[in-house]
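Below are the chains, spelled out letter by letter.
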Amino acid sequence: MVTNGRSAPEAAIVDPRESRDPGSRPHVRVEDLVRGAAPAGERAPAEAGEGSAGGERALAEAGEGSAGGEPLTAKLARRTVPGVLYERGPEEGYLRCTACAHRCVLSPGRAGACGIRFEKDGELRVPFGYVARHYVRSVETNTIFHVRPGARSLTFGMFGCDLRCPYCQNWKVSQALREPEGEGEPIDISAVDLVEVAVAAGCGVLASAYNEPMITAEWARAVFTEARRRGLVTALISDGNTTPEALAYMRPVTDVFRVDLKGWSADQYRTLGGRVEPVLAAIGEARGLGYWVEVVTLVVPGFNDNAAGLRALGAEIAGVDPDIPWHLNAFYPRYKMRDRLTTDPAFLVDVAGVAYARGMKYVYVSNVADRVRELSHTRCPGCHEVVVRRFNYETQEVLLSGGACPACGTPVPGLWAPGAA
């Protein structure tokens, strides 16, 4: 298979209902992007204020100018460059985007389900040269525990998402094109300048998160290329709804693939706007490509808090590699699920215990630190001594010796030392 002239692995078989009918997904026209129209059947986004000036950015021919009150969609349409992750076809003038597992077929002038990758004048236009937000925090706040514990991480994100999770913590960014309450301005910045911010802040890790990074893979690759040049570890914080082509494209400059595995059933993923099969496949594909992989499942009452289903998820992860860390996180009311109760920590402890009993080596419950402190630590799978001690997403003590337990010498997998994988 060739992806825009580049070799790529053969794609997985895709359900035709998910990919081959150009009208099967909420595509929008480029002129609607410029005016700020939302995909069919969705609410239009609120108008944002004037965009920031300066920096490196690519301008689409449509929607140029930055008058006050310009819709966010227009600003984003102008901050694009020609993309790489696509194929020609299936008909003349059509493109098939390969950044996410939707594999949207884009007819002339149309955008995909994400609303930010669109066809224009025979080419795919993709986001580039801006961030929606960025913060410097500990790497553990990305729910990554086996990578440079205690290191500072610059985490950045853009606008847009391929899924529509009703409990999204970062919905004002990820769902900004769908929600009137979405907020924020694109901040123009070059890859070099963004990495310089990370280096100046003393970061050892640079991560793409907040929205789905694989739908902005071309920008993430540019940033990660510079980050690797400066010696930083790079991480994708992803919903996992991606493709072998996108994973292969990002692997040369990416160390970590941290996946949100949100459920186990077709009905659960249909609620979110996706399918579970591509996510499970991506976990295996990423591990096979040599990414360091960690998996997070947010346990939401009334949605995916079924003990048998969660045990099945743990078995799926262990079947790929029992060394993959699995984080079971508690839900807190937010976004469209403010009426739900917070997850009972005791339930998470029970699920973690079963996962350990069935062969998983690293299972964490880490966002209820006031009640479940011991499951934030990394323990040696051989002698069960604590080798990394944490509290509330902060590393307190690293006891590893050369990546192994100092008590019994058992290796503990991860990216513990400075430098890329």
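Before any of the text, the structure's been laid out above.
Here's what I pulled together on the structure shown here. From a predicted model like this one, the values you see are computed outputs, not experimental measurements.

**Concerning the overall build of the chain**
The secondary structure content of the chain amounts to 11 helices and 21 strands. Considering the chain as a whole, with its 421 residues, one finds that 58% of them fall into the buried category. Expressed as a percentage of contacts within the chain between residues at least 6 apart in sequence, the contacts between residues at least 24 apart total 68%. Approximately 16,000 Å² of the chain is accessible, and the part contributed by carbon and sulfur atoms is 49%.

**Observations concerning the packing of aromatic side chains**
For the structure on display, the rule yields eight aromatic pairs. When the ring of Tyr-130 is compared with that of Phe-159, the centres are 6.1 Å apart and the planes differ by 20°; the resulting orientation is stacked. Note that Tyr-130 is positioned in strand S9 (residues 130-131) and Phe-159 in the loop between strand S11 (152-157) and helix H4 (171-174), a separation of 29 residues in sequence. Looking at Tyr-130, the relative accessible area reads 1%, which means it is buried. Centroid distance Trp-171 to Tyr-335: 4.7 Å. Interplanar angle 10°. Geometry classified as stacked. Note that Trp-171 is positioned in helix H4 and Tyr-335 in the loop between strand S17 (326-330) and helix H11 (345-357), a separation of 164 residues in sequence. Both residues of the pair, Trp-171 and Tyr-335, count as buried. Members of the aromatic cluster, connected to one another through ring pairs, are Phe-145, Tyr-364 and Tyr-393. It is Arg-137 that lies over the ring of Tyr-135; its NZ or CZ is 4.4 Å from the centre. Its guanidinium or amino end placed over the ring of Tyr-249, Arg-221 lies 4.6 Å from that ring's centre, counting from NZ or CZ.

**Some points on the sheet that holds strand S21 (residues 394-398)**
In space, the three strands of this open sheet follow the order S19-S20-S21, with antiparallel pairing throughout. The open sheet has two edge strands, strand S19 (378-379) and S21, and neither has a second partner. One ladder, built from four bridges, connects strand S20 (residues 386-391) with S21; its direction is antiparallel. Bridge pairing in S21 links Phe-391 to Glu-394.

**Some thoughts on helix H5 (residues 191-200)**
Those residues of H5 lying buried are Ala-191, Leu-194, Val-195 and Ala-198. Taken end-on, H5 shows its buried residues confined to a sector of 95°, consistent with a single buried face. The inward-facing, buried residues of H5 abut S9, S11, strand S13 (205-208) and helix H6 (217-229). Once H5 ends, the next one or two residues include Gly-202, with phi positive near 80°.

**Focus: the pairing of strand S15 (residues 256-260)**
Within S15, four of the five residues are buried, which leaves it mostly tucked inside the rest of the structure. As defined by bridge partners, strand S14 (residues 233-238) adjoins S15 across four bridges and the pair is classed as parallel. Note on S15: the bridge partner recorded for Leu-236 is Phe-257. Crossover handedness for the path S14 to helix H7 (residues 244-250) to S15: right-handed. In this sheet, strand S16 (residues 292-299) lies alongside S15 in parallel orientation, the contact comprising five bridges. If you follow Arg-258 over to S16, its bridge partner there is Glu-294.

**Things to note about the sheet that holds S11**
An order of S10-S11-S13-S14-S15-S16-S17-S18 is seen for the eight strands of this open sheet, with the pairing classed as mixed. Two strands bound the open sheet, and with one partner strand each, they are strand S10 (133-138) and strand S18 (363-364). As paired strands, S10 and S11 are joined by six bridges and run antiparallel to one another. If you follow Ser-138 over to S11, its bridge partner there is Arg-152. Contacting S16, S17 and S18, H11 runs over the sheet at an angle of about 170° to S17.

**Digging into the pairing of S16**
In terms of burial, S16 is largely enclosed, as eight of its eight residues are buried. Of the two faces of S16, both are covered, the one formed by Trp-292, Glu-294, Val-296 and Leu-298 as well as the one formed by Val-293, Val-295, Thr-297 and Val-299. As paired strands, S16 and S17 are joined by five bridges and run parallel to one another. The residue of S17 that forms the bridge with Val-299 is Ala-330. Note that the unit made of S16, helix H10 (residues 307-320) and S17 has a crossover that is right-handed.

Procedures and definitions
- Residues numbered from 1 in each chain as written.
- Predicted model: local features only at pLDDT ≥ 70, side-chain atom pairs only at ≥ 80, totals over all residues.
- Heavy atoms only, no water.
- Helix = DSSP H or I, 4+ residues; strand = E, 2+ residues; numbered from the N terminus.
- Buried < 20%, exposed > 50% of the residue type's maximum accessible area, 1.4 Å probe, protein only.
- Contact = heavy atoms within 4.5 Å.
- Areas by Shrake-Rupley, 256 points an atom, 1.4 Å probe, with all protein chains shown as cover.
- Phe/Tyr/Trp six-rings, centres within 6.5 Å; stacked < 30°, edge-to-face > 60°.
- Lys NZ or Arg CZ within 6 Å of the ring centre and 35° of its normal.
- Pairing = 2+ DSSP bridges.
- Arc of directions from axis to C-beta.
- Right-handed = clockwise from strand over helix to strand, strands pointing away.
- Axes fitted to C-alpha atoms, helices over the stretch in contact; angles between N-to-C directions.

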